[in-house]
Every structure is written in structure tokens, then in C-alpha cells.
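# Topology and contacts: notes
The chain contents come next:
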Amino acid sequence: SDRCGKCKLENVKVENKGIDYSGMENIYWKHKVARLESCSIVLEGNSEFEAKNVTLRGNQSFVVPDGHKISVYAGDSGEVVSECRPLAEGPSWTWQYALEKRGVVLSMKEGGFEANK
């Protein structure tokens, strides 16, 4: 379905302290891990997150509300800029599937909603 959360990262670097390996409560196989710093992206419902040409440093948390898109990029002085705006009538991009002799081929189609009408 085109009506689901989507995340697109292009030329994005994440730099943080990561896992606290000295944490005595860490249970790795249960994915219960103490972290010193982390980067999280939560997509609620039909939402989109897009980051391009940026470095995310330290603790970063992005929650994208249903029906919205957050765009993240580096500002003029290198600071992280985040913009949240409502999605138009549908997703800004979709995956297009094609079955060929070599298997399934995926391609990204910008302006997904209008293009699939």
C-alpha cells in the first residue's frame, strides 16, 4: 500500500555515543540495551521522513505525525534544520514494482500519488 510510513535517507551520517557496553542490565537477544545516545525516527500512520546531506549528532529523536512529512537537512552553518508539513493528497513518492525475467525490479517514483492515478 502507498498509505504507510516511509523513510528516505540520502548521504546521512549518524554520529553518537551509541550503546552503553558497561550496562549490567543489557540483554542483547531481547533488544534491551542501555544507550548513551541514540537516533530514533518514529513514523505514525501515513507519514514520511526524509533526510539529505546531513550529519545527525548526539541524541536525536524525530516523531512524524500521521499525514505529515519531516524534511531534515544541513543549514548554512551546518546546523540540523527540520521542517514538518502536511502531506498533500498522498505520498510524495512510491515504490514501483516490475516483474522481469531476472526477478522483481524496484524503482522509486517521485510524486507517487498523482503518478499512480
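One structure accompanies this document, and this report is about it. Here, residues in each chain are numbered from 1, in the same order as that chain's written sequence. In view of the model being predicted, local features appear only for residues whose pLDDT reaches at least 70, and side-chain atom pairs are presented and counted only at 80 or more, with totals across whole chains, interfaces and linings using the full set of residues. As a convention, hydrogens and water are excluded, and side-chain values are obtained from all of the structure's heavy atoms.

To form a nonpolar core, buried Ala, Val, Leu, Ile, Met, Phe, Trp, Tyr and Cys residues must be joined to one another through side-chain atoms within 4.5 Å. Think of it in three bands: with a 1.4 Å probe and only protein chains considered, a residue is buried below 20% of the maximum accessible area for its type, exposed above 50%, and partly exposed in between. Counting residues in each nonpolar core, the largest one holds eight residues, listed as F49, A51, V54, L56, F62, V64, I70 and V72. For the purposes of this entry, the term helix denotes a DSSP run of H or I that reaches at least four residues, the term strand denotes a run of E that reaches at least two, and both are numbered from the N terminus. Those elements that place two or more of their residues in this core are β3 (48–57), β4 (60–64) and β5 (68–74). In terms of residue count, the dominant contributor to this core is β3 (four residues). If near-sequence neighbours (up to four positions away) are discounted, V72 is found in contact with F49, E50, A51, K52, V54, L56, F62, V80, V81 and S82. What makes two residues a contact is simply this: any of their non-hydrogen atoms within 4.5 Å.

Following DSSP output, two strands are said to pair if at least two bridges run between them. Taken in spatial order, the four strands line up as β1-β3-β5-β6 in an open sheet, and their pairing is mixed. A single partner strand is all that each edge strand has here, and the edge strands are β1 (6–15) and β6 (80–86). With strand direction ignored, the average angle separating the axes of adjacent strands in the sheet is 15°. Angles shown run from 0 to 180 degrees and are taken between the N-to-C directions of axes, each axis being a line fitted to C-alpha atoms and, for helices, limited to the stretch in contact.

Patch membership requires over 30% relative accessible area and the absence of a salt bridge. Like charges are linked within 9 Å, and nonpolar side chains (Val, Leu, Ile, Met, Phe, Trp, Tyr) within 5 Å. Surface accessibility follows the Shrake-Rupley procedure with a 1.4 Å probe radius. Residue values consider only the protein chains on display as shielding. When a carboxyl oxygen of Asp or Glu is within 4 Å of a side-chain nitrogen of Lys or Arg, the pair counts as a salt bridge. Together, W95, Y97, L99, V104, L106 and M108 line one region of the surface with nonpolar side chains, adding up to about 690 Å² of accessible area. Inspection of the secondary structure puts Y97 in strand β7 (residues 93–100).

The subject of this paragraph is the pairing of strand β8 (residues 103–110). In this sheet, β8 lies alongside β7 in antiparallel orientation, the contact comprising eight bridges. From the neighbouring strand, L99 faces β8, where its bridge partner is V104. Hairpin geometry of β7 and β8 is characterised by an intervening segment of two residues between the two adjacent antiparallel strands.

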